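Commentary on secondary and tertiary structure
The residues making up each chain are set out below.
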Amino acid sequence: MAERPDSATTADPPSEELLRGVAAVLHRDGGRSAWYPRRPGPEALEEMVADFVAVRGRPSGSGLDTDAKASQRLLECRSDLLVMAASALTAQAAVAVAIGGRRDAAGLPPEQFWYAGPSTARLLALRLTGNLTLRSVLFQNAVRTALGLGAARLVAGALDLSHGFWVLLAVLTLGRTTAGATWSTVRSAAIGTLVGALAAGVLIFEAGGTVEVYAAVLVPTMFVAFSVGPIAGPAWAQGLFTLVVAAAFSQLAPADWRLAGTRLLDVLAGCTIGLVCGVLAWPAGAHAEVRRGVADMLRSAAPLVRVTVSAVVRASGTSGEPEASGTSGDTRPRHGGTDEALRLTRHRLRIAEGAYAQYRTEGGRDAVDSGPDWHLALNCVSHAVIGSHWLPRQAYGPAPPEAVRWARESAGRLASAMDSAAAFPPGGVRAAPVPLPHEVVSAAPAPVLPALVDIDTWLRTLAAELTAIGGSRPNGPPSPVRGDGTTPPATARDATAGTGAMPRPLQEGDGAGR
């Protein structure tokens, strides 16, 4: 970027220095463990970011003792560069925390790496309590499986089925998250078990009590069953496993062809129980939950946008509240509304992520969905969360009243668009925050202007992604949201291009299933 002649950072020494510092840090640590010894001095990326923030509102070549302001174009490029540096810091800290080399995230918002401090037991408890809701697909799967196993145990005991554990094993291995997928699986498994039972009956009838035959057949059959079965599908897996259990049990005690029939009966009982549970307990799987989860997530992110912008203007001293100070650590003022909105949004984001992950793994889904772009919706809310971490952290000084009005009006318009997008109207929505007015830029003091540019960049990023969520629908253009604004991109790929998207926050489920 610093080498491009058309870049606004070419003639900007602070931007060039930070950009080269980011590149040097990534080059130095790209192939090494992230828990490298921290180097003191100006080489540390955190200090470079702090030095850059101190001068980012000034023109190139001016000092801290001048009231001159940088151009809006330069401030936008510097905002994008600061996002890049924050992404590098986030990547470093994420890898360091993941491999256990660090239990803190110095220089980063503590909320972003909230999971670095608590113990493993505490994190497991949070994961458990966070999924104790009917809207969690993990909870739904657990309930469905528990009901199936309980019913299988009752049936096996009530009917006095021989080798009743095969019923439980069939329920456990053949159950799927949708009724359609369960029916397809149990149908194939039943056919495979029938063929395997016939083959096992022939083997027992021909071999009789000759144990050597069963010993010779067991090992190669077991090898094929456990290597080919998972790849070839449930029919092959169940058929070959039926041969395996016939060869194994025939060595332990004399057996006749009725052993194959018992195996077939148990598997069919397990298939029936699994199918009934799949039909009765959330038969649609994650298809309905991903829509509901994303809608709840967008609704919770709307007030988060409002309170984040309010926190920034309050931190600028417009409401008489204590100002933040410094550029590193947790320097933002704490507000109960911000914390509650962030907690709720982060919780619903995890629920929606789990539903989306299961949705993409369920059979029968087209690779290209003509409906809303669920993944882009997740990214949009992720950027809202990360913006709530980063934006209110620094002190910019008192903001003019017109700047405060613009910020709150623009945030309110975007929040209204999020509420509208949660209903997934035909064609989606057209989100358009209020552009940063020239008169606001002219009236804002030099220390405050970067904050306004950051807000504008963040809101434009969210608006572009929000508009693109429903952009792939074929039935007409997005429906407008009240207010004027620029025309947003038409595709998901364009949604985050050139808008300074913030780095995505790590969630509790990252690394262990999204």
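Further up the page is the structure itself.
These numbers were taken from a predicted model, which means no experiment stands behind them.

A few words on the overall build of the protein chain. Scanning the protein chain from N- to C-terminus turns up 17 helices and 2 strands. Classification of the 514 residues of the protein chain by burial places 48% in the buried group. In the protein chain, the proportion of contacts linking residues at least 24 apart, taken out of those at least 6 apart, comes to 77%. Carbon and sulfur atoms provide 63% of the accessible area of the protein chain, an area that totals close to 23200 Å².

What follows concerns the nonpolar core. Formed by 66 residues in total, the largest nonpolar core has its most connected members in V294, V305, L452 and L466. Of all the secondary structure elements, the ones that give two or more residues to this core are α3 (72-98), α11 (286-315), α12 (336-361), α13 (374-390), α14 (401-421), α15 (438-443) and α16 (449-469). Counting residues per element, this core draws most heavily on α11, at 13 residues. Not counting residues up to four positions away in its chain, the partners in contact with L466 are L298, C380, L414, A417, M418, A421, V429 and A431. Judged by nonpolar contacts, the second largest core, of 25 residues, contains V49, A86, A93 and L108.

One can describe the packing of helix α2 (residues 45-55) onto α3 by two numbers: an axis separation of 11 Å at closest approach and a directional angle of 160°. Classified by the interaxial angle, the pair formed by α2 and α3 is roughly antiparallel. Judged by the sense of rotation from one axis to the other, the crossing of α2 with α3 is left-handed. On α3, the residues touching L45, E46, V49, F52, V53 and V55 of α2 are R78, L81, L82, A85, A88, L89 and Q92.

Moving on, we come to the environment of V434. Within the secondary structure, V434 is located in the loop between β1 (429-430) and α15. Along the sequence, V434 and S410 sit 24 residues apart, while their C-alpha atoms lie 4.8 Å from each other. Not counting chain neighbours up to four residues away, the residues in contact with V434 comprise W406, E409, S410, R413 and D456.

Where helix α8 (residues 211-232) meets helix α9 (residues 234-252), the closest approach of the two axes is 8 Å, and the angle between their N-to-C directions is 155°. Compared by their axis directions, α8 and α9 come out roughly antiparallel. Note that α8 runs across α9; the crossing there is left-handed. For the pair α8 and α9, the contacting residues are V211, Y214, A215, L218, T221, M222, V224, A225, F226, G229 and A232 in the first and W236, A237, L240, F241, L243, V244, A247, A248, S250 and Q251 in the second.

So, on to the packing of aromatic side chains. Taken as a whole, this structure holds 6 aromatic pairs when the rule is applied. Seen in terms of ring centroids, W114 and Y115 are 5.8 Å apart; in terms of plane orientation they differ by 90°. Their pairing is edge-to-face. Ring geometry for W166 versus F249: centroids 5.6 Å apart, planes at 65°, classification edge-to-face. Here the residue W166 occupies a position in helix α6 (residues 165-174), and F249 occupies one in helix α9, the gap between them amounting to 83 residues.

Before going further, it helps to examine helix α5 (residues 137-158). A turn of α-helix holds 3.6 residues, and therefore any two residues three or four places apart point the same way. When the terminal C-alpha atoms of α5 are compared, their 31 Å separation across 22 residues agrees well with the 32 Å that a helix rising 1.5 Å per residue should span. Looking at α5, one finds that the buried residues are V137, Q140, N141, R144, G148, A152 and A156. On an axial view of α5, the arc spanned by its buried residues comes to 125°, and they lie on one face. For α5, the exposed residues set more than 90 degrees away from the buried face come down to R153, L154 and A158.

Further remarks concern the side chain of S410. Inspection of the secondary structure assignment puts S410 in helix α14. Non-local contacts of S410, meaning those with residues more than four positions away in its chain, are made with P433, V434 and L459.

On to the pattern of salt bridges. If you walk through the whole model with that rule in mind, you get 8 salt bridges. In this structure, the salt-bridge partner of R56 is D454, at a minimum N-O distance of 2.8 Å. On the criterion of sequence distance, the pair formed by R56 in the loop between α2 and α3 and D454 in helix α16 is long-range, its members being 398 residues apart. As far as burial versus exposure is concerned, R56 and D454 are alike and both buried. The shortest N-O distance in the salt bridge between D296 and R299 comes to 3.4 Å. One end of the pair, D296, and the other, R299, are both in helix α11, 3 residues apart, so they sit about a helical turn from each other. Through salt bridges with shared partners, one network takes in R135, E289 and R292.

Mapping R144 onto the fold places it in helix α5. A residue is classified by how much of its surface remains accessible, and R144, at 8% relative accessible area, is buried. Put simply, R144 and G175 are 31 residues apart on the chain and 8.8 Å apart in space, counted from C-alpha to C-alpha. Among residues more than four places away in sequence, those in contact with R144 are R176, T177, C277, G278, A281 and W282. Among the polar contacts made by the side chain of R144, one reaches the side chain of N141 at a distance of 2.9 Å. A polar atom in the side chain of R144 sits 3.5 Å from the backbone oxygen of T177.

The next point concerns a nonpolar patch on the surface. A cluster of nonpolar side chains, contributed by F223, V224 and V228, occupies part of the molecular surface with about 270 Å² of accessible area. Looking at where V224 falls in the secondary structure, it is placed in helix α8. Since its relative accessible area comes to 35%, V224 is described here as partly exposed.

The phi dihedral of D160 falls on the positive side, at around 50°, and the residue is not glycine. Tracing the chain through its elements places D160 in the loop between α5 and α6. The backbone phi angle of F424 is positive, close to 50°, even though this residue is not glycine. On the secondary structure map, F424 appears in the loop between α14 and β1.

The topology assignment puts T177 in the loop between α6 and α7 (179-207). Distance in space between the C-alpha atoms of T177 and G285 is 5.1 Å, their sequence separation being 108 residues. Aside from chain neighbours lying at most four places away, what touches T177 is N141, R144, W282, P283, G285, Q358 and E362. Among the polar contacts listed, one links the side chain of T177 to the side chain of E362, at a separation of 3.0 Å.

So, how was this worked out
Think of each chain on its own: its residues are numbered from 1, step by step along the sequence as written. Where totals are concerned, whole chains, interfaces and linings use all residues; where local detail is concerned, this predicted model gives features only for residues with pLDDT of at least 70, and gives and counts side-chain atom pairs only at 80 or more. With hydrogens and water stripped out, all remaining heavy atoms of the structure feed into the side-chain values. Helix and strand definitions follow DSSP, with helices as H or I runs of at least four residues and strands as E runs of at least two, each counted in order from the N terminus. Relative accessible area decides the class of each residue, using a 1.4 Å probe on protein chains only: under 20% of the type maximum gives buried, over 50% gives exposed, and in between gives partly exposed. Should any heavy atoms of two residues lie within 4.5 Å, those residues are considered in contact. What sets the accessible areas is the Shrake-Rupley method with a 1.4 Å probe; for residues, cover comes only from the shown protein chains. Remark: nonpolar core denotes a set of buried residues (Ala, Val, Leu, Ile, Met, Phe, Trp, Tyr, Cys) joined through side-chain atoms within 4.5 Å. The axes are straight lines fitted to the C-alpha atoms, using for helices just the contacting stretch, and the angles between their N-to-C directions are given from 0 to 180°. An angle below 35 degrees is read as roughly parallel, one above 145 as roughly antiparallel, one from 65 to 115 as roughly perpendicular, and any other as oblique. Helix crossings are classified by the rotation of the near helix relative to the far one: an anticlockwise turn of less than a right angle makes the crossing left-handed, while a clockwise turn makes it right-handed. Aromatic contacts are taken between Phe, Tyr and Trp rings whose centres are within 6.5 Å, Trp giving its six-membered ring; a plane angle under 30 degrees counts as stacked, one over 60 as edge-to-face, and the others as tilted. In this analysis, the expected span of each helix is defined as 1.5 Å times one less than the number of residues it contains. Arc definition: it is the arc formed by the directions from the helix axis to the C-beta atoms. Any carboxyl oxygen of Asp or Glu that lies within 4 Å of a side-chain nitrogen of Lys or Arg is treated as forming a salt bridge with it. Here a polar contact means two N or O atoms within 3.5 Å. Within protein one must be a hydrogen donor candidate and the other an acceptor candidate, and residues neighboring in sequence count only if both atoms are side-chain atoms. Patch definition: residues with relative accessible area over 30% and no salt bridge; like charges joined within 9 Å; nonpolar side chains (Val, Leu, Ile, Met, Phe, Trp, Tyr) joined within 5 Å.

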